[in-house]
Amino acid sequence: YRTALELGLDRSDTVVRRHLATLMWQVAADTPMAGEQPPGQEELEVYLRQHPDRFLRPWRIRFSHVYFSEDRRGAAAQADANALLEELRASGAVPDAAAETGDPFLLGRDFEWQTGPVLLRRFGETFAEAVAAIEPGAWSGPVPSPSGWHSGWGRAIEQAAPPALRTVSDTIPRAAPPPRRAR
């Protein structure tokens, strides 16, 4: 910051000026004005009850998968995934028993608490929708992604839920209307 000021970038560089302006707006938004009281516990609880959608924790899932690469297997990837899925279901195999089957996957075999939006970005809409329908303790699939086919095992699912006030109490004042004035 000091170097930028010494070079006069606060006056001549548009990017630096915008960054400084953004920082100042953030500081101003988080700084109470004279005479303002921050909202109390009861007001925060009321606001959270009235606007649960603003703070809703999305559903999330823990799952494992067996991957079949279209780069390695070509057109046989889907057929191989189908055959293995039937075998896994028939044998009652759990993910650890299926660890050596399939192909290596860059992001690994086990996924911890993935949300729909994350799955959508990483694997595409078809994959994200299929994972949302996985039943814990069962194999499902195979499901296509941009890179191949996946058979998944649901480990645990948590449905969307409102957060506890303690986890969002710092963000509510920024989402809420301005605080009341002291009398």
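Residues numbered from 1 in each chain as written. Predicted model: local features only at pLDDT ≥ 70, side-chain atom pairs only at ≥ 80, totals over all residues. Heavy atoms only, no water.

1. Some details on the packing of aromatic side chains
In the structure shown here, the tally under the stated rule is seven aromatic pairs. Measuring from ring centre to ring centre gives 5.0 Å for Phe63 and Phe111, while their planes differ by 15 degrees; the resulting arrangement is stacked. Taken together, the residues Phe63 in strand 1 (residues 60-69) and Phe111 in strand 2 (residues 110-115) connect sequence positions 48 residues apart. Assigned by exposure class, Phe63 and Phe111 land together as buried. By the ring-pair criterion, three or more aromatic residues cluster together here, those being Phe63, Tyr67, Phe105, Phe111, Phe123 and Phe127. In this arrangement the basic side chain of Arg60 is found over the ring face of Trp113, its NZ or CZ atom lying 4.5 Å from the centre. (Phe/Tyr/Trp six-rings, centres within 6.5 Å; stacked < 30°, edge-to-face > 60°. Helix = DSSP H or I, 4+ residues; strand = E, 2+ residues; numbered from the N terminus. Buried < 20%, exposed > 50% of the residue type's maximum accessible area, 1.4 Å probe, protein only. Lys NZ or Arg CZ within 6 Å of the ring centre and 35° of its normal.)

2. Overview of the pattern of salt bridges
Two side chains with opposite charge may pair up if their charged atoms get near one another. Scanning the entire structure with this criterion turns up nine salt bridges. Its salt-bridge partner being Glu112, residue Arg62 comes within 2.7 Å of it at the nearest N-O pair. Of this pair, Arg62 sits in strand 1 while Glu112 sits in strand 2, and the two are 50 residues apart along the sequence. Given a relative accessible area of 24%, Arg62 falls into the partly exposed group. A salt bridge links Arg73 to Asp80; the shortest N-O distance between them is 2.7 Å. Since its relative accessible area comes to 27%, Arg73 is described here as partly exposed. With relative accessibility at 28%, the residue Asp80 sits in the partly exposed group. By sharing partners, the salt bridges in this structure join Asp96, Arg109, Asp110 and Arg155 into a single network. (Salt bridge = Lys/Arg side-chain N within 4 Å of Asp/Glu carboxyl O.)

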